[in-house]
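Spelled out, the chains give:
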Amino acid sequence: KQEVTQIPAALSVPEGENLVLNCSFTDSAIYNLQWFRQDPGKGLTSLLLIQSSQREQTSGRLNASLDKSSGRSTLYIAASQPGDSATYLCAVRRPGYGGSQGNLIFGKGTKLSVKP
Amino acid sequence: KAGVTQTPRYLIKTRGQQVTLSCSPISGHRSVSWYQQTPGQGLQFLFEYFSETQRNKGNFPGRFSGRQFSNSRSEMNVSTLELGDSALYLCASSYQGGGNNEQFFGPGTRLTVL
């Protein structure tokens, strides 16, 4: 059974700091891994998608890596800003059946607070 | 390009009632998935629809059901509501063309059961 774990559960940093969020998963049989951001009471915003054959993806100040063999992914945020404060969720897409691409399995998230 | 839309955004119901939530995917997307988010359990998969067919189902009781229409819009229904059904219900759409299966989420429907 696939399980996704995110450490730490909460993180508080001063503005301008570079930081790393961690995600681990127990089954390496995944299609892809997706990082999301969720603001309080809101839906999920997709940040980065890494296909199972890829090692990393970059978008602006964000860089995500994937190591399938060890079951780990990291999200690196450079030069953090107060506007980055949110909960960051990691999700793996497992293989489906009957033509389905499978569903996302989520971690519980890391709540990030960036202090001015 | 419009994103995923969900209606209504907020709902208050009482135990025993039933509720219907609606989701309109991004134009051109044919796959719609539903997720339940609660503080205790986090995000859990409910079901996935593609071309009006349910292709994948999570571990939820039969009170939770859904359907998809020919225009890819989807509805989910919860019958005989329980207090534990209070949650944020999120809908996600994807193109399902193979390869890049990025899922895009709507703002959610906040359901409160009293």
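In this text the structure is predicted, and so the values were computed from the model without any measurement. (Residues numbered from 1 in each chain as written. Chains lettered and ligands numbered in written order. Predicted model: local features only at pLDDT ≥ 70, side-chain atom pairs only at ≥ 80, totals over all residues. Heavy atoms only, no water.)

A.B. asks: Run through unusual backbone geometry, naming residues and quoting values.
C.D. replies: With an omega of 0°, the peptide bond between A:Ile7 and A:Pro8 qualifies as cis. Its location among the elements puts A:Pro8 in the loop between β1 (4-7) and β2 (10-14). Cis geometry is found at the peptide bond from B:Thr7 to B:Pro8, where omega equals -10°. The phi angle at B:Glu52 is positive, at roughly 70°, despite the residue not being glycine. Note that B:Glu52 resides in the loop between β5 (42-50) and β6 (53-57). Assessed through its relative accessible area of 47%, B:Glu52 is described here as partly exposed. In this structure, B:Ser72 takes a positive phi of about 75° despite not being glycine. With respect to the secondary-structure elements, B:Ser72 resides in the loop between β7 (64-68) and β8 (74-78). Judged by its relative accessible area of 12%, B:Ser72 falls in the buried class. (Helix = DSSP H or I, 4+ residues; strand = E, 2+ residues; numbered from the N terminus. Buried < 20%, exposed > 50% of the residue type's maximum accessible area, 1.4 Å probe, protein only.)

A.B. asks: Give a description of the interface of chain B and chain A that names residues and reports values.
C.D. replies: Contacts between the two partners involve 24 residues from chain B, matched on the other side by 23 residues from chain A. Carbon and sulfur atoms make up 45% of the area that chain B and chain A hide from each other, which totals about 1,900 Å². A per-residue breakdown of the area chain B buries against chain A is headed by B:Leu43, B:Arg55 and B:Asn101, which together make up 26% of the total. Applying the counting criterion to the chain B and chain A interface returns zero salt bridges. If you look at where chain B meets chain A, you find seven residue pairs in polar contact (both at pLDDT 80 or more). Those elements that provide at least two residues to the side of chain B that touches chain A are β4 (31-38), β5, β6 and β9 (87-94) of chain B. (Contact = heavy atoms within 4.5 Å. Buried area = accessible area lost by both parts, 1.4 Å probe. Salt bridge = Lys/Arg side-chain N within 4 Å of Asp/Glu carboxyl O. Polar contact = N/O pair within 3.5 Å; in protein donor to acceptor, adjacent residues only side chain to side chain.)

A.B. asks: Please give an account of the packing of aromatic side chains that cites residues and values.
C.D. replies: Per the stated rule, a full pass over the model turns up eight aromatic pairs over all chains. Where A:Phe36 meets A:Phe106, the ring centres are 5.7 Å apart and the plane angle is 40°; that geometry is what we call tilted. Taken together, the residues span a long stretch of sequence, with A:Phe36 in strand β4 (residues 32-38) and A:Phe106 in strand β10 (residues 104-106) at a distance of 70 residues. As far as the burial class goes, A:Phe36 and A:Phe106 line up, both buried. Relative to B:Tyr49, the ring of B:Phe47 lies with its centre 5.7 Å away and its plane at 70°, an arrangement referred to as edge-to-face. Per residue, the accessibility class of B:Phe47 equals that of B:Tyr49, and both read buried. Ring pairs connect the aromatic residues A:Phe36, A:Phe106, B:Tyr35, B:Phe45 and B:Phe105, which therefore count as one cluster. (Phe/Tyr/Trp six-rings, centres within 6.5 Å; stacked < 30°, edge-to-face > 60°.)

A.B. asks: Tell me about the pattern of salt bridges, and please be specific about residues and values.
C.D. replies: Residue and element names in this part refer to chain B. Counted according to the given criterion, the structure contains seven salt bridges over all chains. One salt bridge connects Glu75 with Arg67, and the closest N-O pair in it is separated by 3.3 Å. Owing to a relative accessible area of 15%, Glu75 belongs among the buried residues under this scheme. For Arg67, a relative accessible area of 47% puts it in the partly exposed group. Among the charged side chains, a network of salt bridges with common partners joins Arg63, Glu82 and Asp85.

A.B. asks: How would you sum up the sheet that holds strand β8 (residues 72-77) of chain A? Please name residues and give values.
C.D. replies: All names here are of chain A. Overall, antiparallel pairing links the five strands, which are arranged β1-β3-β8-β7-β6 in an open sheet. Both outer strands of the open sheet, β1 and β6 (56-59), are each paired with one neighbouring strand and no more. Taken over all neighbouring pairs, the strand axes of this sheet differ in orientation by 15° on average, direction set aside. Of the strand pairs in this sheet, β6 and strand β7 (residues 62-67) are connected by four bridges, and their pairing is antiparallel. (Pairing = 2+ DSSP bridges. Axes fitted to C-alpha atoms, helices over the stretch in contact; angles between N-to-C directions.)

A.B. asks: Tell me about the side chain of B:Thr109, residues and numbers included.
C.D. replies: Topologically, B:Thr109 is positioned in strand β11 (residues 109-113). Those residues in contact with B:Thr109 that lie beyond four places of it in its chain are B:Gln6, B:Thr7, B:Pro8, B:Arg9, B:Leu11, B:Leu21, B:Ala87, B:Leu88 and B:Tyr89.

A.B. asks: Lay out the environment of A:Ser65 with the relevant residues and their values.
C.D. replies: Residue and element names in this part refer to chain A. By secondary structure assignment, the location of Ser65 is in strand β7. For the pair Ser65 and Asn22, spaced 43 residues apart in sequence, the C-alpha to C-alpha distance is 10.0 Å. Sequence-distant contacts of Ser65, defined by excluding residues within four places in its chain, comprise Ile50, Arg55, Glu56, Arg72, Ser73 and Thr74.

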